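Observations on the three-dimensional arrangement
Each chain is listed here by its residues.
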Amino acid sequence: NYLPAIPSWQILISTLIFIFPGMIIGNAIFAYDQQKLFIKVLAIGTITNIILDLILIPIWGGPGSAIATLIVQFFINLFLWNHLKKVNPLIKFPNLIKIFSAALGLIMALFVFKYFNVNFIVNGILVSLVYLALLFLLKEPILKLVKK
């Protein structure tokens, strides 16, 4: 029954690449008392998502909506990140590429475990371990903060 939803799910799972850094960026925006801008950007993003849905759903169906969501998340994060750098030019995430690489590895692991029909709960645990292992292998300094 759920087979038609698989392509949409496969596209939406890639939003993890934007969700994790987006949480950090969103919290930083709040820390710098920029909530009004944050809400405006999310409102514009929501409207843009609806417009893209109206364009893409008739063409590609559910996957079109997932693509719209992915596009909007990318541009919201990009805009907020650029704004955050203006608010505090000292903010730098030199290791962000490592976090993105680990998130990409996480997504690939999800597909591999799904291919082998790994149980949902076991899949979640294994994917979490893969993500942490990749951060460790990439020598991501954020793990030092977790150890404290």
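On a predicted model such as this, the values are computed, not experimentally measured, just so you know. In every chain, residue numbers begin from 1 and rise along the written sequence. In keeping with the predicted nature of the model, local features appear solely for residues at pLDDT of at least 70, side-chain atom pairs appear and are counted solely at 80 or more, and the whole-chain, interface and lining totals rest on all residues. Heavy atoms throughout the structure, all of them, feed into the side-chain values; hydrogens and water do not.

**Concerning a nonpolar patch on the surface**
A cluster of nonpolar side chains, namely F120, I121, V122, I125, L126, L129 and L132, defines an oily patch on the protein surface of about 720 Å² accessible area. Along the chain, L129 turns up in helix α6 (residues 120–137). For every residue, the accessible area (1.4 Å probe, protein chains only) is compared with the maximum for its type, and the residue is labelled buried under 20%, exposed over 50%, or partly exposed between those bounds. L129 gets classed as exposed once you look at its relative accessible area, which sits at 51%. In this analysis, a patch consists of residues with relative accessible area above 30% that form no salt bridge, clustered at 9 Å for like charges and at 5 Å for the nonpolar side chains Val, Leu, Ile, Met, Phe, Trp and Tyr. All accessible areas in this document rest on Shrake-Rupley with a 1.4 Å probe, and a residue is counted as covered only by the protein chains that are shown. By convention in these notes, a salt bridge is any Lys or Arg side-chain nitrogen within 4 Å of a carboxyl oxygen on Asp or Glu. Comment: elements are numbered from the N terminus, with helices defined as DSSP H or I runs of at least four residues and strands as E runs of at least two.

**What about the nonpolar core?**
L106, L110, V127, Y131 and L135 are the most contacted members of the largest nonpolar core, which totals 17 residues. Looking at this core, the elements with two or more residues in it are α2 (16–31), α5 (96–115) and α6. For this core, the element with the most residues is α5, which contributes nine residues. Contact criterion: two residues are considered in contact whenever any of their non-hydrogen atoms come within 4.5 Å of each other. Discounting residues that sit within four places of it in the chain, V127 has contacts with L106, A109, L110 and F113. To qualify as a nonpolar core, a set must consist of buried Ala, Val, Leu, Ile, Met, Phe, Trp, Tyr and Cys residues joined through side-chain atoms within 4.5 Å. Counting residues in hydrophobic clusters, the runner-up holds 13 residues, among them F38, L56, V72 and W81.

**Some points on the packing of helix α3 (residues 35–60) against helix α4 (residues 62–87)**
It is the contact of α3 with α4, at a shortest axis distance of 8 Å, that shows an interaxial angle of 155°. If you check the angle between α3 and α4, you find them roughly antiparallel. Crossing angle aside, the handedness with which α3 passes α4 is right-handed. Each residue gets one of three labels, nonpolar for Ala, Val, Leu, Ile, Met, Phe, Trp, Tyr, Cys and Pro, charged for Asp, Glu, Lys and Arg, and polar for the others, Gly among them. A breakdown of the residues in the contact of α3 with α4 according to their chemical character gives 16 nonpolar, eight polar and one charged. For helices, the fitted line uses only the C-alpha atoms of the stretch in contact; every axis is such a line through C-alpha atoms, and the angle between N-to-C directions lies from 0 to 180 degrees. Throughout, the term roughly parallel applies to angles under 35 degrees, roughly antiparallel to angles over 145, roughly perpendicular to angles from 65 to 115, and oblique to all others. Whether a crossing is left-handed or right-handed is set by the direction in which the near helix is turned from the far one by less than a right angle, anticlockwise for left-handed and clockwise for right-handed.

**Here we look at the confidence of the model for the protein**
Of all residues in the protein, 93% attain a pLDDT of 70 or more, and the chain-wide mean is 87. What pLDDT reports is the predictor's confidence in each residue, on a scale of 0 through 100. Mean pLDDT across the elements of the protein bottoms out in helix α7 (residues 142–147) (69) and peaks in α3 (95).

**Overview of α6**
The end-to-end C-alpha distance of α6, which contains 18 residues, comes to 25 Å, matching closely the 26 Å that a straight helix rising 1.5 Å per residue would cover. Of all the residues in α6, the buried ones are N123, V127, Y131 and L135. Here the buried residues of α6 occupy an arc of 105° about the axis, which is enough to place them on one side. Along α6, the residues that are exposed and aim more than 90 degrees away from the buried face are I121, I125, L129, F136 and L137. The positive-phi residue at the C-terminal boundary of α6 is K139, with phi of around 55°. For a helix, the expected span equals 1.5 Å multiplied by the residue count minus one. Directions from the helix axis toward the C-beta atoms define the arc.

**Side note on unusual backbone geometry**
The phi dihedral of D33 falls on the positive side, at around 60°, and the residue is not glycine. Its place among the elements puts D33 in the loop between α2 and α3. In this structure, N117 is a non-glycine residue whose phi angle is positive, near 55°.

**Focus on the packing of α2 against α4**
Viewed as axis vectors pointing N to C, α2 and α4 meet at an angle of 35°, and their least axial separation amounts to 10 Å. Crossing of α2 against α4: the hand is left-handed. Residues F18, I19, G22, I25, A28 and I29 of α2 form the contact with α4, whose own contacting residues are L70, Q73, F74, N77, L80, W81, H83 and L84. The residue makeup of the contact of α2 with α4, split by class, is 10 nonpolar, four polar and no charged.

**Let's talk about the packing of aromatic side chains**
Side-chain rings of Phe, Tyr and Trp, where Trp is taken by its six-membered ring, are said to pair if the distance between their centres is within 6.5 Å; with planes under 30 degrees apart they count as stacked, over 60 as edge-to-face, and otherwise as tilted. Taken as a whole and judged by the stated rule, the model has six aromatic pairs. Taking the centre distance of 5.0 Å and the plane angle of 65° together, the rings of F30 and F38 count as edge-to-face. Its relative accessible area of 37% is what places F30 among the partly exposed residues. On the basis of relative accessible area, F38 is assigned to the buried category, the value being 15%.

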